[in-house]
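Notes for the structure review
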Amino acid sequence: GGPRPLPGQEVSVKVLGALEDGGLVERDPRLIFVPGHGDVVQALELGVPTMQPGEVSFFLAAFPYAYGRPGSREPDVPPEASLLFEVTLLEVRDGPDPQPLPPAVRLRLGSQRRERGNFHFARGDFAAALRSYRLSLRALDGPAAAPPGPEEEEELREQRVKCLNNCAAAELKLGRAEEALAACEAALRICPDNGRALLRRGQVGLASPRTAPLPPARPSSHPPLLSPQLLAEQGRDAEAALVLKRALELDPASKVIHTELSRLAKRQSPPPST
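Starting afresh in each chain, residues are numbered from 1 along the sequence in its written order. Totals for whole chains, interfaces and linings use every residue, but because this is a predicted model, local features are given only for residues with pLDDT of at least 70 and side-chain atom pairs only at 80 or more, for both listing and counting. With hydrogens and water excluded, all non-hydrogen atoms of the structure serve as input to the side-chain values.

1. Focus: the overall build of the protein chain
Counting from the N terminus, the helices are DSSP H or I runs at least four residues long and the strands are E runs at least two residues long. From N to C terminus, the protein chain includes nine helices and four strands. Ordered by position in the sequence, the α and β elements of the protein chain form the string β-β-α-β-β-α-α-α-α-α-α-α-α. Think of it in three bands: residues with accessible area under 20% of the maximum for their type are buried, residues over 50% are exposed, and the middle band is partly exposed, with areas taken using a 1.4 Å probe on protein chains only. The proportion of buried residues among the 274 residues of the protein chain is 45%. Residue exposure ignores everything except the shown protein chains as possible cover, and the areas themselves are Shrake-Rupley values with a 1.4 Å probe. Taken as a whole, the protein chain presents about 14600 Å² of accessible surface, with 55% of it coming from carbon and sulfur.

So, in structure tokens, the structure goes:
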């Protein structure tokens, strides 16, 4: 009984997921999510909003609505597997955005959404990953019901930086260098010596074509942080290399940074004489 979930509301469900041969692969006595946020498989995203509290439903999901063509390692789902879900809708309540939330709840939501973004990223769905990372940032930056303690404040900062770095990685995969650079800048304003953000700035430049036009200048209260590509386009290759060398100082063993520096060095080298 009761109304069905409305857009933006949060639901709690009990879920059992089984393969067509009956093998149980998923069991969650209380899964909490907001339909439409990409936190669960599409079968649940689409099916649960049709239910009423207390209702038990069965959804037979073809693989595009379950774990897709590659399947999943956790839970252990084979490639192109259809799943049968038994779902009980336990509760419907107003969603957490943009309510003032305690720091612990903001951290939980932020971590949950970032991990879901990582799931999408690993499957190659970079647009879905970016959506989850942005939802994670919304939770971390949302209104606070109480001021965080020192440890919570530090964890909020760390999670923001992780999310922004992940946003930059997803934007790079989607071929949007300008957006990736903006995410790197935001991460470095929080943590100027973050090695991953410095590396991403280097990757932004190396992923962009040399003939790409310079982006329009944007007013900012912070000094501009240019990627190696933008510096190179202005004839400042030496400064471009400094970005990656700074990242290497923070993580000398990183093979990725060494590779990116080699790529930049090859681009700077004159063509062989014939």
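2. A word on the state of the cysteines
Only a pair of cysteine sulfur atoms within 2.5 Å counts as a disulfide in this structure description. Per the counting criterion, the structure on display carries zero disulfides. Looking at the unpaired C163, the closest cysteine sulfur is the one in C167, lying at 5.9 Å.

3. A closer look at the pairing of strand β3 (residues 56-61)
Side-chain alternation along β3 places S57, F59 and A61 on a buried face and V56, F58 and L60 on a face that remains uncovered. Judged from the six bridges that link them, β3 and strand β4 (residues 83-93) form a sheet pairing that is antiparallel. Following the sheet pairing, F58 is matched in β4 by E86. Two strands are counted as paired when DSSP detects at least two bridges linking them.

4. With respect to the pattern of salt bridges
Whenever a carboxyl oxygen of Asp or Glu lies within 4 Å of a side-chain nitrogen of Lys or Arg, that contact is scored as a salt bridge. Under the counting rule described, the total for this entry stands at eight salt bridges. R93 is the partner of E10 in a salt bridge, and the nearest nitrogen-oxygen pair spans 2.9 Å. With E10 in strand β1 (residues 10-19) and R93 in strand β4, the pair connects residues that are 83 residues apart, well separated along the chain. Taking relative accessible area as the criterion, R93 reaches 25% and is therefore assigned partly exposed. Beyond isolated ion pairs, a larger network of salt bridges with shared partners links E10, R30, E91 and R93.

None of the figures reported here should be taken as evidence of function without further support.
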